[in-house]
Amino acid sequence: MNILIVGAGGREYAIGLALSKDEKVEKIYFAPGNGATDMLGENIGISDFSKLADFACSHGVDLTIVGPEGPLVEGIVDIFEARELTIFGPSKQAAQLEGSKIFMKNFLKRHRIPTAPYIETDRLQEAYAFIESLETPVVVKADGLCGGKGVIIAQSHDEAKKAAEEMLSGNAFGHAGTRIVIEAFLDGYELSVFAICDGEEYVILPAAQDHKRLLNNDQGPNTGGMGAYAPTPLVNDAIYKKLEERVIVPTLEGMKAEDMPFKGVLFMGVMVVDGEPMILEYNVRFGDPECEVLMPLLKSPASELFYKAATGNLKSAEIRFHEAYAVGVVMASKGYPYQSSPLAEIIIDDIHHEELAEHTHIAYAGVTRGEDQKLYASGGRVLVCIGMAETLAQAQKRAYMLVGQIHFVGKQCRTDIAYQALQGG
Ligand code: AMP
Ligand code: GLY
């Protein structure tokens, strides 16, 4: 099987790495890939969706997997399917679950899926009145895609009003913010839960926890994610059952009934409040860095999972996971998340340690290959160090052993990934 992976991050590297170990997979292409994905396959520099579909036809690509939300929301799946190409991901219409927070919240309401009370509006006076009616903190969200920056948790009514005003005027996020959602703050602990869906059936993956803040103890600015681990012991069978019955099944049934069956990754941002899972948001793709810890937990061939989901055959798939834990620690560049950083050579200690060789690996993200063939950190989140073990504590220790062997100027990482679970919640 030949596979094309769309995207350039650690998530796409992790998917490629899992597929590279699958004996059914012959060749992997990345569009555009990064400076390290060329170790797993071939990078191609095509971004136009129709040209990419031409490439898939002419190169015998059997399956295309889309990593990021951008191409999904822009309709890459519709273009490939019109050419009768097999592609894993939701249609443009179904991708609105991530592309529009208003669409998502209204969908949840229509199908009685638990979420925070909210209004959607494009009028400032209506926003002010609803803000006043809520207890602080108040959450203000831009409707459209804002690269993970469109959510403001305002500590006071005044701060919430200011955020609403800046969004509605177009100053904050341009057109993406001229309609907003205002909602009540949910106080609990957060989970990332992923279901691989084929339109009707689903496979639920081990629940993960992301660490969105830059600094230890969840301090500092929000980022795309500084580390993740799975499975999290903060989820028990009762929560999985509630998620299936109250969230996943009604979502798949609702999407089908509304003529946009959901195929791809349903990423549920969940807040557990007093034991009850509530949906914060949906994304229509894997989380990054969650994907980097979930892919190595997959025991059955990755191609089976993705191909059967893409072709509506999940029912016939037998998907198994390792009974192990994975912890992923992001190493980011100096300026992250504010500024770009100069290129910095990545140096990995050449010390052979059996424990590291067998139970750790790197998922590369923001890296460039220099003319000297060396790898350089090129900014943002550079790479993820993954440790695997039978216990979470051991997996964490191994991930950090690997972190200790990797050097580049300006590197920064959290030193407490998985702390909530290790402290018991
Ligand atoms: P979202 O992009 O909607 O997931 O929001 C980004 C982050 O903001 C989430 O991961 C949560 O940490 C936080 N957040 C969003 N909505 C709420 C809410 N209603 N209550 C508490 N925290 C929230
Ligand atoms: N790690 C969260 C996300 O990918 O949105």
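This text goes with the structure placed above it.
Each chain has its residues counted from 1, running along the sequence as written. Here every chain gets a letter starting at A, and every ligand a number starting at 1, in the order they are written. Local features in this predicted model are restricted to residues of pLDDT 70 or higher, and side-chain atom pairs are both shown and tallied only at a pLDDT of 80 or more, whereas totals for entire chains, interfaces and linings draw on every residue. Think of the side-chain values as coming from all heavy atoms in the structure, minus any hydrogens and water.

(A) Spatial organisation of a nonpolar patch on the surface. Distance thresholds for patches are 9 Å for like charges and 5 Å for nonpolar side chains (Val, Leu, Ile, Met, Phe, Trp, Tyr), applied to residues having over 30% relative accessible area and no salt bridge. Surface accessibility follows the Shrake-Rupley procedure with a 1.4 Å probe radius. Residue values consider only the protein chains on display as shielding. The working definition used for a salt bridge is a side-chain nitrogen of Lys or Arg within 4 Å of a carboxyl oxygen of Asp or Glu. Judged by side-chain polarity, V151, I153 and F185 come together as a nonpolar surface patch covering roughly 220 Å² of accessible area. Numbering of helices and strands runs from the N terminus; a helix is a DSSP stretch of H or I covering at least four residues, while a strand is a stretch of E covering at least two. Relative to the assigned elements, I153 resides in strand 8 (residues 151-154). Per-residue accessibility, obtained with a 1.4 Å probe over protein chains only, is compared with the maximum for each type, and a residue is labelled buried under 20%, exposed over 50%, and partly exposed between these values. A residue is classified by how much of its surface remains accessible, and I153, at 38% relative accessible area, is partly exposed.

(B) Quick look at the site of ligand 1. The criterion for a residue being near a molecule or strand is simple. One of its heavy atoms has to lie within 4 Å of it. Not every one of the 14 residues close to ligand 1 is listed here, only the nearest: E183, L186, E190, K212 and E281. In the environment of ligand 1, a nitrogen atom lies 2.8 Å from a nitrogen or oxygen atom belonging to the backbone of L186. For ligand 1, whose accessible area on its own is 470 Å², the fraction buried by protein is 87%. Its residues assigned to classes, the shell around ligand 1 shows 8 nonpolar, no polar and 6 charged. Within 3.5 Å is the distance limit for a polar contact, defined as a pair of N or O atoms, with the added protein rule that one can donate a hydrogen and the other accept it, and that residues adjacent in sequence qualify only through two side-chain atoms. When residues are grouped by polarity, Ala, Val, Leu, Ile, Met, Phe, Trp, Tyr, Cys and Pro land in nonpolar, Asp, Glu, Lys and Arg in charged, and all others, Gly among them, in polar.

(C) Fine view of unusual backbone geometry. Going from A31 to P32, the amide bond is cis rather than trans, its omega being 0 degrees. Along the chain, P32 falls in strand 2 (residues 27-32). The omega angle of the peptide bond from A230 to P231 is -15 degrees, so this bond is cis rather than trans. Residue position: P231 is located in the loop between strand 15 (227-230) and helix 9 (237-257). Non-glycine residue E84 carries a positive phi angle of around 60 degrees. Within the secondary structure, E84 sits in the loop between helix 4 (76-82) and strand 5 (87-88). For D259, which is not glycine, the phi torsion reads 65 degrees and is therefore positive. By the element assignment, D259 lies in the loop between helix 9 and strand 16 (263-273).

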